[in-house]
Amino acid sequence: MNRIQRRSPFWSLAGPFLGYLAIQWTVQFAIQFVVELPYVMRGYAKMFRENQTPSMEEILNTCLTAMEPAIELLLQYQVEITGAAALATLILTGILFLSDRKLEKRYGVVLREKLPLSKYWTILVFGAAGCVAATSLMTMAQIALYDAQYQETAEVLYSAGIPMQILVLGIVVPLAEELMFRGILFKRYRERQRFWYAAVWSSVFFALMHTNTTQSIYAFLLGLMLAYVYEKFGSFKAPLLLHMVMNLFSVLLTELGVFQWLILNPMRMAAAAIAGAFLCSAAVVMMQRLGGPVQEPIRTDQRGPMDL
C-alpha cells in the first residue's frame, strides 16, 4: 500500500473501467452501424418500391433479411473490429497510466526496484509453457463440458489472416488490456490494499471482459499471474511481455496445427498439459528467487490530497 490520496477512491477505479468499456462499445457500435446501414437502406428501398404500405411485420422481416450479409461481414472482420476498439482505448489508458506514475513521484512513493531485463527469461518460459498447458487443459475441458460459446469465439478469432492475428491478438489487445487492468486498476487498488486483494479484484474485472465461462476462468487465473509478475519485476514491461508471449504462442501454435495434433491423441494432450504445468511451476519458483519477497511500498512524505 502506498496511501496515495484521491478525492473519490471509488470513482478512481470505476471511472477508468467504465470509460474503457464505453470507448470499446462505442467503436464497435459505430462500425456495426456503418456496415449495416447500407444493407438496411437498400432493403427498405426495395420493400417500399414493391409495397407502398408495408406492415410492421414486413418491415421487421425486411430489416432482418437485409442485415444477414452485414452480420456475416462483421463476423468475418471481428478480429479487425476488436483491434480498432482496443486501439481506441489507448488514449484514455495511456494518459491515466502516465498520470499515475507522475502521481507516485509527487507523493514520494518508494516502489520496488525494477529487475534487469536479463531476468525476464523466466517470463518467456512461463508464457510459452503456460500457453501449451492452459490450451491443453481448456481443450480437455471442452471435451468433458462442451462450451458452444467458447467454440464460436475461437472460430471467429482464428479466422483472420495470421498477420492480423499477430498484430491484434498478439500485440494490440495485450497492450490495451494490460494498461487498463494491471497498469491502472491493479496499481490503483494497491494504493490502499495489499497485493492479493488488488490482484484478485483486478483479475475479476479482467475475467468479466471475456464472454464465456472457459475464457473467464482462464482470464482470472492469468490475471493473478500478470499481477504477480508486475509486482515481482517492478515494471509494466513484465505483465505486458507475459501477456503478449502467451497470446502469440497461442496464435502461432494454432496456425501450425500443434494443438490439432495434440487433440488427436488424448494421452499426448495430457502429457503436454503436465509438462507445461511443470515448466510453469519451475518458472514461478525461479521468479520467487529473483530479488527479495514482495513488499508493501511506502511513502516518504505526507503531502495532501491530489486529483488527477
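Owing to the predicted nature of the structure, the values given are computational and were not obtained by experimental measurement.

Q: Please explain the overall build of the chain as it appears in this structure.
A: Assigned secondary structure in the chain consists of 11 helices and 2 strands. In the chain, the succession of α and β elements from N to C terminus is α-α-α-β-α-α-α-α-α-α-α-α-β. Dimensions of the chain, computed from the C-alpha atoms along their principal axes, are close to 75 × 55 × 30 Å. Considering only residue pairs separated by 6 or more positions, the chain has 83% of its internal contacts joining residues 24 or more positions apart. For the chain, the computed accessible surface area is about 16500 Å², with 68% contributed by carbon and sulfur atoms. Here the chain holds 25 positive side-chain charges and 21 negative ones, and the gap between their average locations is 17 Å.

Q: Even after reading the chapter, I still don't get the packing of helix 1 (residues 9-50) against helix 3 (residues 78-107), so can you show me in this structure?
A: For any two helices packed against each other, the geometry comes down to the angle between their axes and how far apart the axes lie. Look at helix 1 against helix 3: their axes get within 9 Å of each other, and the N-to-C directions meet at 150 degrees. The orientation of helix 1 with respect to helix 3, classified from their angle, is roughly antiparallel. Once helix 1 is placed against helix 3, the crossing between them reads as right-handed. Contacts between helix 1 and helix 3 involve Pro16, Gly19, Tyr20, Ile23, Gln24, Val27, Gln28 and Ile31 from the first element and Ile81, Ala84, Ala85, Ala86, Ala88, Thr89, Leu92, Thr93 and Leu96 from the second. Its residues assigned to classes, the contact of helix 1 with helix 3 shows 12 nonpolar, 5 polar and no charged.

Q: Quick question: what am I supposed to make of the pattern of salt bridges here?
A: As enumerated under the stated definition, the model contains 7 salt bridges in all. Here Lys187 ties to Glu104 by a salt bridge, and the two come within 3.8 Å at their closest N and O atoms. Pair noted here: Lys187 is in helix 6 (residues 162-190) and Glu104 is in helix 3, with a separation of 83 residues, a long-range link. On the basis of relative accessible area, Lys187 is assigned to the buried category, the value being 17%. Overall, the relative accessible area of 5% leaves Glu104 in the buried class.

Q: Explanation requested: helix 5 (residues 148-157) in the structure shown.
A: It helps to recall that an α-helix has 3.6 residues per turn; residues three or four apart then point in one direction. Buried within helix 5 are the following residues: Tyr150, Thr153 and Ala154. When helix 5 is viewed along its axis, its buried side chains cluster within an angular range of 100 degrees and face the same direction. Set apart from the buried face of helix 5 by more than 90 degrees, the exposed residues are Glu152 and Glu155.

Q: Where do I start with a nonpolar patch on the surface in this structure?
A: There is a patch of nonpolar side chains on the surface, built from Phe29, Phe33, Val34, Leu37 and Met41 and spanning about 530 Å² of accessible area. Along the chain, Phe33 falls in helix 1.

Q: What exactly am I supposed to notice about the packing of helix 7 (residues 195-208) against helix 8 (residues 213-233) here?
A: Two numbers describe how helix 7 lies on helix 8: the axes approach to 8 Å, and their chain directions differ by 140 degrees. When the axis of helix 7 is compared with that of helix 8, the two are oblique. The element helix 7 and its partner helix 8 pack so that their crossing is right-handed. Side by side, helix 7 and helix 8 meet where Phe195, Trp196, Ala199, Val200, Ser203, Val204, Phe206 and Ala207 of the first sit next to Ser216, Ala219, Phe220, Leu222, Gly223, Leu224, Leu226, Ala227, Tyr228 and Glu231 of the second.

Q: What is the right way to look at the side chain of Glu178 in this model?
A: Secondary-structure assignment places Glu178 in helix 6. Of the residues examined, Glu178 reaches a relative accessible area of 0% and is grouped as buried. In terms of polar contacts, Glu178 uses its side chain to reach the side chain of His243, at 2.6 Å. Filtering out sequence-adjacent residues up to four positions away, Glu178 remains in contact with Gly183, Leu226, Phe236, Pro239, Leu240 and His243.

Q: Would you explain a positive patch on the surface in this entry?
A: There is a patch of like positive charges on the surface, built from Lys102, Lys105, Lys114 and Lys237. On the secondary structure map, Lys105 appears in helix 3. Here Lys105 falls in the exposed class, since its relative accessible area comes to 71%.

Q: Just checking my understanding: could you explain the confidence of the model for the chain for this structure?
A: In low-pLDDT regions, the fine details of the predicted coordinates are not to be read closely. When the pLDDT values of the chain are averaged, the result is 87; 91% of them are 70 or greater. Here residues 297-308 scores under 50 on pLDDT; set against residues more than four positions off or in separate chains, the count is 40 contacts.

What counts and how
- Residues numbered from 1 in each chain as written.
- Predicted model: local features only at pLDDT ≥ 70, side-chain atom pairs only at ≥ 80, totals over all residues.
- Heavy atoms only, no water.
- Helix = DSSP H or I, 4+ residues; strand = E, 2+ residues; numbered from the N terminus.
- Contact = heavy atoms within 4.5 Å.
- Areas by Shrake-Rupley, 256 points an atom, 1.4 Å probe, with all protein chains shown as cover.
- Lys, Arg positive; Asp, Glu negative; His and termini not counted.
- Charge placed at Lys NZ, Arg CZ, Asp CG, Glu CD.
- Axes fitted to C-alpha atoms, helices over the stretch in contact; angles between N-to-C directions.
- Parallel < 35°, antiparallel > 145°, perpendicular 65-115°, else oblique.
- Left-handed = near helix turned anticlockwise from the far one by under 90°.
- Nonpolar A, V, L, I, M, F, W, Y, C, P; charged D, E, K, R; others polar.
- Salt bridge = Lys/Arg side-chain N within 4 Å of Asp/Glu carboxyl O.
- Buried < 20%, exposed > 50% of the residue type's maximum accessible area, 1.4 Å probe, protein only.
- Arc of directions from axis to C-beta.
- Patch = residues over 30% accessible without salt bridge, like charges linked within 9 Å, V, L, I, M, F, W, Y side chains within 5 Å.
- Polar contact = N/O pair within 3.5 Å; in protein donor to acceptor, adjacent residues only side chain to side chain.
- pLDDT = per-residue confidence, 0-100.

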